[in-house]
Amino acid sequence: GHATPEQYVKEITIANDGIVNQHTVMAYAQNSYDMIQNLDEWGVKFEKDETGDFNMKKVHHLGTYVLPMPEGHHVKKILYRQLKRKRVNIINRYVSTRLLKGKDGQIAGVMGVNSRSGEIVVIRARAVILATGAAGRLGLPTSGYLFGTYENPTNAGDGYSMAYQAGAELSGIECYQINPLIKDYNGPACAYVTGPMGGYTANSKGDRFIECDYWSGQMMLEFYRELESGNGPVFLKLDHLANETISEIEHILHSNERPSRGRFHDRRGNDYRERMVEMHISEIGLCSGHSASGVWVDEHARTTVPGLYAAGDLACVPHNYMLGAFVYGKLAGEDAVDYCAENALPEIDAQEIVAECERILAPTRVSDGITPYQMEYKLRRMVNDYLQPPKVTTKMEIGLQRFAEIREDLRYLSASDPHDLMRAMEVHAILDCAEMAARASLYRTESRWGLYHYRVDYPDTDNDNWFAHAQLKKDDSGEMVCFKREIEPYIVQLDEAEKDAYSKLRIHSTHSA
């Protein structure tokens, strides 16, 4: 009774500047409530009101769609219990490195390496579901720590790289993920979480300068402008709230969102009750869950490679978040079962296996080379230098040159143990993601999505030429190519007055709270 699927589809279409496949967003919206009920029955604790109804919160600019999970840190344990009850075989410590294909181009399996023993495995399969999360280790955090990223640092973009190498289409790669976070801390400021309780993003004068803290490219552009202005830095403002409200916020942010957050504030001497907390801008990443950059899928989670599916932050379903990951995991599983029933197990080219074994083991044969950590640091520093918005054409072109040089240096990668071998394979994936980000950004010669794709030398939005998906794939010659895909006709129409709602977030006349 809080919102309809049509309202949600409209909101996400507006938030993403109209560049969406509404069928995929609608599939998410229509299946969300049933998924919440399933999770509720399994024991996931959602916030409820005094009547027992789900206690929805207004976070988005227009509608009310967000449902808090007061004990979200238990979700993985609850899901694990369900897997055990269903007798699902779980294999840990194997890192997927390449998808394998049959002679007709369909998925035939996957290869990987054990991060403890170095054992290489070949797993034959009729269907594969990629659920490897965002490309979180793309840009380098301002802290300089390789694993101090906003996203889970174990998500190095492996799935993006594997999909690309298998010939799948990727979409919206130029639409980066950039988020507001606590300065010097690898976690979100969560102004959008505190918003329903009265918190908000403020400038150094304590003034609110944006109407809505829901993450969008437009919001991040206003954030960036304020940060760089005479009114910066930017802060999370909670010091005007009642003590009991702040205590509730601390419970959510310090136990659910990031358990280390409370310790960070304690050591910094930060108290939400006494002063505002400084915020900053995250490094760039690729993520459809918070943005729109991912592997192209339809409303059944099918990619453009037969037998290959994608779900979660990896799949190009803009702004789909955790619930979208659950929904698309279900859609992928159901469709994959039908696909497997109708298709035989493909044969795998033995030469493809040999070639991948050589690629995996190459770093173990280099005795005095470059460690994965050194090469990753250099690569991600280059990402910051040349790809971080605002985007400049010449800088991105230089970035591509630097990435090509690093690709030549891959032969010097050295791994002294299986763990380092895993890190070496992640460097390969990060490099693929960096090149994709640069080429996709150069291809779309306009600005769109606020800060996510703000090109200084193409500052205007060009709907006449660029109201389309920008796709990327590996062609038959092995080259990375970009091309357009038309926007499917909308199933939920937008009013003219609504289309630029997210471009009107700036509060032009502010006053101290």
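Scroll up for the structure.
Let me begin by describing the structure that accompanies this report. This is a predicted model, so every value here is computed, not measured.

### Things to note about the sheet that holds strand β5 (residues 170-171)
If you trace the four strands from one edge of the open sheet to the other, you get β10-β5-β12-β13, paired in antiparallel fashion. At either margin of the open sheet sits one strand with a lone partner, and together these are β10 (294-295) and β13 (480-485). With two bridges joining them, β5 and strand β12 (residues 469-474) adopt antiparallel strand pairing. Across the sheet, the residue bridging to S171 is Q471, located in β12.

### Here's the deal with the layout of surface pockets
One simple way to see leftover space: roll a probe sized like a water molecule over the atoms. Counted as a void, the second largest pocket has a volume near 570 Å³. Taken together, 24 residues form the lining of the second largest pocket, with D17, Q218, W449, T461 and S503 sitting closest to its centre. Breaking the lining of the second largest pocket down by element, the ones donating at least two residues are α1 (5-15) and α6 (217-228). Sort the elements by how many residues they give to the lining of the second largest pocket and α6 lands first, with four residues. In terms of residue class, the lining of the second largest pocket is built from ten nonpolar, eight polar and six charged.

### Description of empty space enclosed by the protein
Taken as a whole, this structure holds four cavities of 30 Å³ or more when the rule is applied. Taken as a whole, the largest cavity encloses approximately 90 Å³ of empty space. Along its surface, the largest cavity is lined by 17 residues, and I19, S171, W296, C316 and H469 are the ones closest to its centre. Across the lining of the largest cavity, the residue classes tally to nine nonpolar, six polar and two charged. When its volume is computed, the second largest cavity comes out at roughly 80 Å³. Forming the walls of the second largest cavity are V95, S96, T97, R98, D158, S161, M162, R359, M425, H428, A429 and D432. Every element with two or more residues in the lining of the second largest cavity is listed here: β1 (94-101), α4 (158-165) and α13 (418-443). The class makeup of the residues in the lining of the second largest cavity is four nonpolar, four polar and four charged.

### Focus: helix α9 (residues 321-342)
Taking 1.5 Å as the rise per residue, α9 with 22 residues should run 32 Å; its terminal C-alpha atoms sit 32 Å apart, in good agreement. Considered for burial, the residues of α9 that qualify are G324, F326, V327, Y328, L331, A332, D335, A336 and Y339.

### A word on the pairing of β12
Where β12 and β13 come together, six bridges link them in antiparallel fashion. If you follow K473 over to β13, its bridge partner there is V481. Adjacent in sequence and paired antiparallel, β12 and β13 are bridged by five residues, among which G478 carries a positive phi angle near 90 degrees.

### A word on helix α12 (residues 393-409)
End to end, α12 covers 25 Å across 17 residues, agreeing with the expected 24 Å (1.5 Å per residue, within 8%). Listed as buried for α12 are T393, M396, G399, L400, F403 and I406. Viewed end-on, α12 has its buried residues packed into an arc of 130 degrees, placing them on one side of the element. Where α12 is buried, its residues touch α11 (372-387) and α13.

### Looking at the nonpolar core
Counting residues in hydrophobic clusters, the biggest one holds 139 residues, and the most contacted among them are L99, L138, Y160, Y328, L387, F403 and M436. In contact with F403, other than residues within four places in its own chain, are L379, M382, V383, L387, L431, A434, E435 and A438.

### Focus: the packing of aromatic side chains
Scanning all chains against the criterion turns up nine aromatic pairs. Both rings, one in Y185 and one in F264, keep their centres 5.1 Å apart while their planes meet at 35 degrees; by these two values the pair is tilted. Separated by 79 residues along the polypeptide, Y185 in the loop between β6 (180-182) and α5 (191-194) and F264 in helix α8 (residues 260-268) bring together distant segments of the chain. F264 matches Y185 in its accessibility class, with the two residues each being buried. Directly above the aromatic system of Y176 lies the positively charged group of K391, at a separation of 3.7 Å from the ring centroid. One residue, K484, lies across the ring of W466, its end atom 4.2 Å from the ring centre.

### Some remarks on unusual backbone geometry
The bulk of non-glycine residues show a negative phi, and the bulk of peptide bonds are trans. A cis amide bond links G232 to the next residue, P233, at an omega of -5 degrees. Note on placement: P233 falls in the loop between α6 and β8 (234-237). Here P389 and P390 are connected by a cis peptide whose omega angle stands at 0 degrees. For P390, the location among the structural elements is in the loop between α11 and α12. Unusually for a residue other than glycine, R87 sits at a positive phi of about 60 degrees. By the secondary structure assignment, R87 is in the loop between α3 (75-85) and β1. With a phi close to 70 degrees, D184 is a non-glycine residue in the positive phi region. Tracing the sequence through the fold places D184 in the loop between β6 and α5. D184 sits in the partly exposed class, given a relative accessible area of 39%.

Cut-off values and rules
Residues numbered from 1 in each chain as written. Predicted model: local features only at pLDDT ≥ 70, side-chain atom pairs only at ≥ 80, totals over all residues. Heavy atoms only, no water. Pairing = 2+ DSSP bridges. Helix = DSSP H or I, 4+ residues; strand = E, 2+ residues; numbered from the N terminus. 1 Å grid on protein atoms, 1.4 Å probe; cavity = no way out; pocket = protein on both sides within 12 Å on 5 of 7 lines; lining within 4 Å. Points joined across faces, edges and corners; volume = space filled by probe spheres on them. Nonpolar A, V, L, I, M, F, W, Y, C, P; charged D, E, K, R; others polar. Expected span 1.5 Å × (residues − 1). Buried < 20%, exposed > 50% of the residue type's maximum accessible area, 1.4 Å probe, protein only. Arc of directions from axis to C-beta. Contact = heavy atoms within 4.5 Å. Core = buried A, V, L, I, M, F, W, Y, C linked by side-chain atoms within 4.5 Å. Phe/Tyr/Trp six-rings, centres within 6.5 Å; stacked < 30°, edge-to-face > 60°. Lys NZ or Arg CZ within 6 Å of the ring centre and 35° of its normal.

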